[in-house]
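Descriptive structure summary
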Amino acid sequence: MRWWLVVATLLLLLVVVTVSDTQARQRPRNHDSETRRGKRKRDGQGHVRTRAGHSRPLKIRLIPGPSIPVDPGVNQGNTLFLDSYKSIHEQKSSYNVIPDPDLSLDFSGDSSVPIYPPEPVTPLTQEEIQRILWREEEEHREEEERLRKKDEARRQKRKQRKEKAEKQRQIVEERRRAEEEALRLQVEREEEEWRRHLEEEEERKRQEEKRRQDEEDRRQKEAAEREARERERRLEEERWRQEEMLREQLLALGEEEEEEPQEEVEDLQERVEELQEKVEELQEEVEEAQEEVEEEEEVWLRGDVFEMLPKEPEEPEEPDLLPTPIPRPPAATEYELKEVEAEVEEVEEAEEEEEEEEEGEERKVVIVESSRGLPPGCSISDVTLTCDNAKLTYFPPLSIPELKSLSLEGNTISSIPAEAFNGIPNLEWINLKKNKLTSAGIGAKAFKGLKMLRRLYLDGNLLETVPADLPPTLQELKINENRLTEMDKNSFQDLSSLVILELEGNLLSEGNVNPLAFAPLHQLSYLRLGRNHFRTIPQGLPPALLELYLENNLIEEISETVFNQTHSLNIISLRHNRLDETRIAPLAWINHRNLESIDLSHNDLYLVPSYLPRSLVHLVLVGNKIERIPGFVFAHMEPGLEYLYLSYNKLDGEAIEPESFFGTYQSMVELCLDHNQLVSVPSGINEMTNLHFLRLNDNKIRSISDEGICDPNYSGDSTLVAVRLENNYIDPQKVSPTAFSCVRSSSSVVIKPQKTK
């Protein structure tokens, strides 16, 4: 450090000498002014007075110590000393150095300029200068140490932030994996429940199919019975005609004279015998027909329908006109005539016995039905009682414990007493559609005792609230076309087994449906709320919901959180509402992994909505005002969109971008763009390798290029089955034969008729 101090001292000395020389040169001109200015500035206490009148301490001036040799006659070191001074000055030295009063050097070479001695100052010793320099060096080291510690602290904080971010990332990753695992387990569980639900649905459909088949068999049996009776009636009429003819002929024979020749008598006898044979044949046919009717009635009684409707009392029929005893010729004896009369009487007695047996069976059926207490117009088959459109005004009192199904559709029943189902406690299905039921008319706990009830249909009544105390075994509930105006949190209390709920055609809205109303429905999979007055999606949808139908409402927006709990949703139908793409929240359903079908037809959409579900397969946008399909709008879907319906919109020549169908090239199966304003085949269709059906009819297309629909470079199997291009402006004569090379059959391309230009 000593050499540095020596150089600095020399440099400062040189600067002071140079400044003194310059001042000496300028002193003749500015001596008076400088003297006056110095007097004004200087205070008697060694302070310089500022403009405001305050004083400040003077800067310390240093002089070289006696140990520093100076050669006043040498000028060649001026440059070195000046550079050293600049270096020292750049280090922001806070003091000036002046030479000793006895030391005056002239480096200018001009001896004519006088050199004035500097003002007297207090000199500093070498030790003081050394202490000042050491102090500055120590401060410099402290500053460097402080900066080093600051950098170290900053690096330490950055390292801690990195470690914290890494820990948070690991926690988020673990949480995400746990959520994915839980979601996977939930999906598997829901798939299992859905399969079980499908099996139950299949079983229900089989039961309904069996019931329909039984009904069809019953109708066929009734038709066969009517046909047999009609045939019996025709045979009876034929028999009566034959008997009338015999009677007339016998009367004619009785009026003839006894003197007729024997030959004529014999001829007449032969004719009589022939007629008798015909009568016997007719009687045999009648007996066979009666036997067939009896067999059919036995089958009827042994089958599903074991009780028939009581027959209307028939008017007593006139006794059959038996053939008159045939008069014998004179040769015939009276004994022979008596034998003929005896045979006729036996035939009459046999027919009367058969008629009595038939009437006895009819009376038996009527007695059995009367014992059941069924009102007129009702019929029972196996374990099903049907009283549809029977003009009933009250709930019929029944006592049939084995009854499983009861249908009272199309009557005018307005109330259900509390004890209505006491005699039929094992009902599984009740149909009360199209009656006059009111909420006040249904007795308290009327359905409570039905421990096996599975299905309850109350469509087309006057209900204002959901009936209370429904049995917990209920799986299907339909209350469509009523006057429901309220659903509180207890409306579906204890209905944890309910799978299907239909509430269409009522007066429900988000204002009168409690968000907790659906909370008890843990297994609800199918919900219909169409034709109501909802403006938003109802809150609190059941977590197990698979299908949601909200057609014909007033829905204007879809919020971001409305589907947060329904992760199993598979189908959503929002047809005929007031939605536009700006009112669908970006995160409303994009992360749903099971949502495969969305119907947004007949809304107010101007663009194909963005942020559609990743798992979407089926998208219906028919009847909107869509003018454009944004690029990459389907790119995020996995495995990809398969069915896209954009019919009856406003797509024109600039509506479809080259990237509009990106992401559907390997998945699209059916694409409908008919009834728009397209002027050409949209780009990207020729890249759809799995496309089966393409509809471009009723547009403004004028030509079909060779690569518009089919890709000539594609070497795989053709999948396109049908193409419709009618009602455009295409000239069929100008269409290239290779334009439809990828279509399986040329007959599947519909290109006629076309509009006139």
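Residues numbered from 1 in each chain as written. Predicted model: local features only at pLDDT ≥ 70, side-chain atom pairs only at ≥ 80, totals over all residues. Heavy atoms only, no water.

Structural notes on the nonpolar core
Note the threshold: Note on terminology: a nonpolar core comprises buried Ala, Val, Leu, Ile, Met, Phe, Trp, Tyr and Cys residues joined through side-chain atoms within 4.5 Å. The cut-offs for exposure are 20% and 50% of the maximum accessible area for each residue type, with area from a 1.4 Å probe on protein chains only; residues under the lower value are buried, those over the upper are exposed, and the others partly exposed. Whether two residues touch is decided by their heavy atoms; if any such pair falls within 4.5 Å, the residues are in contact.
Ranked by internal contacts, the top residues of the largest apolar core, which has 114 residues, are Phe 421, Trp 589, Phe 634 and Phe 740. In contact with Phe 740, not counting residues within four places along its chain, are Ile 704, Ile 709, Cys 710, Val 723, Leu 725, Val 735, Val 749 and Ile 751. Judged by nonpolar contacts, the second largest core, of five residues, contains Leu 5, Leu 124, Ile 132 and Leu 133.

Some words on the pattern of salt bridges
Selection rule: By definition, a salt bridge exists where a carboxyl oxygen of Asp or Glu is found within 4 Å of a side-chain nitrogen of Lys or Arg. In DSSP terms, a helix is any run of H or I states spanning at least four residues, a strand is any run of E spanning at least two, and both are numbered starting from the N terminus.
Inspection of the entire model under this criterion finds 33 salt bridges. With its nearest N and O atoms 2.4 Å apart, the salt bridge here joins Glu 203 to Arg 206. With a gap of three residues between them, Glu 203 and Arg 206 both fall in helix α3 (residues 126-255), about one helical turn apart. For Glu 203, a relative accessible area of 36% gives the class partly exposed. Residue classification places Arg 206 among the partly exposed positions, given a relative accessible area of 48%. Residues Arg 583 and Glu 557 are paired through a salt bridge, measuring 3.5 Å at the closest nitrogen-oxygen approach. A residue pair is termed long-range when its members are at least 10 positions apart, and Arg 583 in the loop between β14 (571-573) and β15 (597-599) and Glu 557 in the loop between β13 (547-549) and β14 qualify at 26 residues. The exposure class of Arg 583 is partly exposed, given its relative accessible area of 35%.

Thoughts on the packing of aromatic side chains
The cut-off we apply is this: Stacked, tilted and edge-to-face are the three classes applied to pairs of Phe, Tyr and Trp rings, where Trp contributes its six-membered ring and a pair requires centres within 6.5 Å; stacked means planes under 30 degrees apart, edge-to-face means over 60, and tilted covers the rest. In this analysis the charged atom, NZ for Lys or CZ for Arg, is taken to sit over a ring once it is within 6 Å of the ring centre and within 35 degrees of the ring normal.
For the structure shown, the criterion picks out eight aromatic pairs. For the pair Phe 395 and Phe 421, a centre-to-centre distance of 5.1 Å together with 70° between the ring planes defines the contact as edge-to-face. Here the residue Phe 395 occupies a position in the loop between β6 (384-386) and β7 (405-407), and Phe 421 occupies one in the loop between β7 and β8 (429-431), the gap between them amounting to 26 residues. Residue Phe 395 shares its accessibility class with Phe 421, and that shared class is buried. Put simply, the rings of Phe 395, Phe 421 and Phe 447 touch in pairs and so form one group of aromatic residues. The ring of Tyr 457 has Lys 478 sitting right over it, with the charged end atom 4.6 Å from the ring centre. Over the ring of Tyr 729 we find Arg 702, and its NZ or CZ is 4.7 Å from the ring centre.

Structural notes on the environment of Thr 412
Mapped onto the secondary structure, Thr 412 falls in the loop between β7 and β8. By relative accessible area, Thr 412 is classed as partly exposed at 39%. Other than its neighbours up to four places away in sequence, Thr 412 contacts Leu 392, Thr 393, Asn 435 and Lys 436.

Let's talk about the side chain of Asn 603
Put simply, the rule is: Throughout this description, a polar contact denotes any pair of N or O atoms lying within 3.5 Å of each other; where both atoms belong to protein, one of them has to be capable of donating a hydrogen while the other can accept it, and for residues adjacent in sequence the pair is counted only when both atoms sit in side chains.
With respect to the element layout, Asn 603 can be found in the loop between β15 and β16 (618-620). Among the polar contacts listed, one links the side chain of Asn 603 to the backbone nitrogen of Arg 578, at a separation of 3.3 Å. The residues touching Asn 603, leaving out its near neighbours within four places in the chain, are Leu 574, Arg 575, His 576, Asn 577, Arg 578, Leu 579, Gly 623 and Asn 624.

Overview of the confidence of the model for the chain
Defined as follows: Confidence of the predictor at the level of single residues is given by pLDDT, which spans 0 to 100.
Residue-level pLDDT values for the chain average 77, and 70% of them are 70 or greater. Across residues 28-113, where pLDDT falls below 50, the model places 105 contacts with residues more than four positions away in sequence or in other chains. Taken together, the stretch residues 359-371 has pLDDT below 50 and engages in 13 contacts with residues farther than four places along the chain or on a different chain.

Some details on a negative patch on the surface
Which entries qualify depends on this criterion: Only residues whose relative accessible area exceeds 30% and that form no salt bridge are eligible for patches; like-charged ones are grouped when within 9 Å, while nonpolar side chains (Val, Leu, Ile, Met, Phe, Trp, Tyr) are grouped when within 5 Å. Accessible surface is estimated by sampling points in the Shrake-Rupley manner with a 1.4 Å probe; for residues, cover comes only from the protein chains shown. His is not counted, nor are the chain ends; Lys and Arg add positive charge and Asp and Glu add negative charge. In plain terms, the charge of a residue is placed at NZ if it is Lys, CZ if Arg, CG if Asp and CD if Glu.
A cluster of acidic side chains, namely Glu 274, Glu 277, Glu 281 and Glu 284, defines a negative patch on the protein surface. With a relative accessible area of 47%, Glu 277 lands in the partly exposed category.

Here we look at the state of the cysteines
To be explicit about the condition: Put simply, a disulfide is two cysteine sulfurs that come within 2.5 Å.
Taken as a whole, this structure holds two disulfides when the rule is applied. Between the sulfur atoms of Cys 378 and its disulfide mate Cys 387 the distance is 2.0 Å. Across the S-S bond linking Cys 378 and Cys 387, the dihedral sits near 125°, which makes this disulfide right-handed. Here Cys 378 and Cys 387 have matching classes, each one buried. One disulfide bridge connects Cys 710 with Cys 742, the sulfur atoms lying 2.0 Å from each other. A torsion of -70° about the S-S bond marks the disulfide between Cys 710 and Cys 742 as left-handed. A residue pair is termed long-range when its members are at least 10 positions apart, and Cys 710 in the loop between β19 (693-695) and β20 (722-724) and Cys 742 in the loop between β20 and β21 (749-750) qualify at 32 residues. Note on Cys 710: relative accessible area 1%, which makes it buried. Sequence-ordered numbering of the disulfide-bonded cysteines in the chain gives the connectivity 1-2, 3-4.

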